[in-house]
Amino acid sequence: MKAVEVRREELLRMIAALEAVVRMKVEPFAVEVGPLLERLRRIVEENRDAETLVLDAEALYRVSVVLALQQKSIVQSASSLFVDSQIVASKIVGSPPVALAGAFLLAWRPMVRLEHVSTPLLIRGYEHFLSLSTRAQPQSAPAPSEGPRAEWAFLEQKFEEELERVLSELRSRGGWVDYWSFISGAGSGGKARIAYLLSFLITRGDVEVRYNPLTGELKIRAAERREETEGDRVSLAVSVR
């Protein structure tokens, strides 16, 4: 008898919870319909007295009403999303270009692009340097009528002269020289340029490098003769501070 009373109280609590949803006092999805239906089925299987069956039927009726309210909520949410998209589309169409550009800039997250210094980029820099009328040119640039091949040969010759100048300076030091002291001798403005020229000389085998990973010491010297190494080359990244 006590078990029947307990199940009756449980059914009444279920009905009260469902009634709160029906009267819009609680959000429709606050009630988990699946576990509730499973519990109702077990109660009916264990007790088939008239009072239990009546309460179970009343609870099932309210479950059907709650399911209808949940379906209505889903439809309304979907329709509101559609309306929102239409509003956004119409707002974009009606906005002036300045406002759209401002919104784009606020939302723009550009990727950082790193372009390494290469021979074509260096040649472009030389072309710009030679085009400056305020700087004296020790050698005359080729005339446009001579074509791009003559211009390329002229720029390549200038680049080789720069490489030879750096190599001669390194030879005059004699023996191993601290890398940072050598590139700093050109001043803050020329440090990156000397480091770039040295990278070419090191790659060609004209300059030898000795690096101590324990102390971080980096030394260079002019090679007595150019050595052509075979196999994989080892890259050493040096950040110019």
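What comes next is a walk through the structure.

Details of the pairing of strand β2 (residues 207-212)
Okay, so step 1: Of the strand pairs in this sheet, β2 and strand β3 (residues 217-222) are connected by six bridges, and their pairing is antiparallel. Note on β3: the bridge partner recorded for valine 209 is isoleucine 220.

Remarks on the sheet that holds β3
Okay, so step 1: Judged by pairing direction, the sheet is antiparallel, and its three strands sit side by side in the order β1-β3-β2 without closing on themselves. Every interior strand has two partners, whereas the edge strands, β1 (177-178) and β2, have only one.
Okay, so step 2: As paired elements, β1 and β3 share two bridges and run antiparallel to each other. Looking at β3, one finds that valine 177 is bridged to isoleucine 220.

Considerations on the environment of leucine 130
Okay, so step 1: Locating leucine 130 in the fold gives a position in helix α5 (residues 119-131).
Okay, so step 2: Along the primary structure leucine 130 and leucine 155 are separated by 25 residues, whereas in three dimensions their C-alpha atoms are 9.8 Å apart.

Focus: the side chain of glutamate 10
Okay, so step 1: Residue placement: glutamate 10 occurs in helix α1 (residues 2-22).
Okay, so step 2: What glutamate 10 contacts, discounting residues up to four positions off in sequence, is Arg39 and Ile43.

Describing the nonpolar core
Okay, so step 1: Counting residues in hydrophobic clusters, the biggest one holds 24 residues, and the most contacted among them are Phe182 and Leu198.
Okay, so step 2: Only α5, α6 (148-173), α7 (179-184), α8 (187-204) and β3 provide two or more residues apiece to this core.
Okay, so step 3: The biggest single contributor to this core is α6, with seven residues.
Okay, so step 4: Residues contacting leucine 198, with those up to four places away along its chain left out, are Val166, Tyr179, Phe182, Ile183, Val207 and Ile220.
Okay, so step 5: By size, the runner-up hydrophobic cluster in this structure holds 15 residues, among which are Leu11, Met14, Ile15 and Leu18.

Calculation criteria
- Residues numbered from 1 in each chain as written.
- Predicted model: local features only at pLDDT ≥ 70, side-chain atom pairs only at ≥ 80, totals over all residues.
- Heavy atoms only, no water.
- Pairing = 2+ DSSP bridges.
- Helix = DSSP H or I, 4+ residues; strand = E, 2+ residues; numbered from the N terminus.
- Contact = heavy atoms within 4.5 Å.
- Core = buried A, V, L, I, M, F, W, Y, C linked by side-chain atoms within 4.5 Å.
- Buried < 20%, exposed > 50% of the residue type's maximum accessible area, 1.4 Å probe, protein only.

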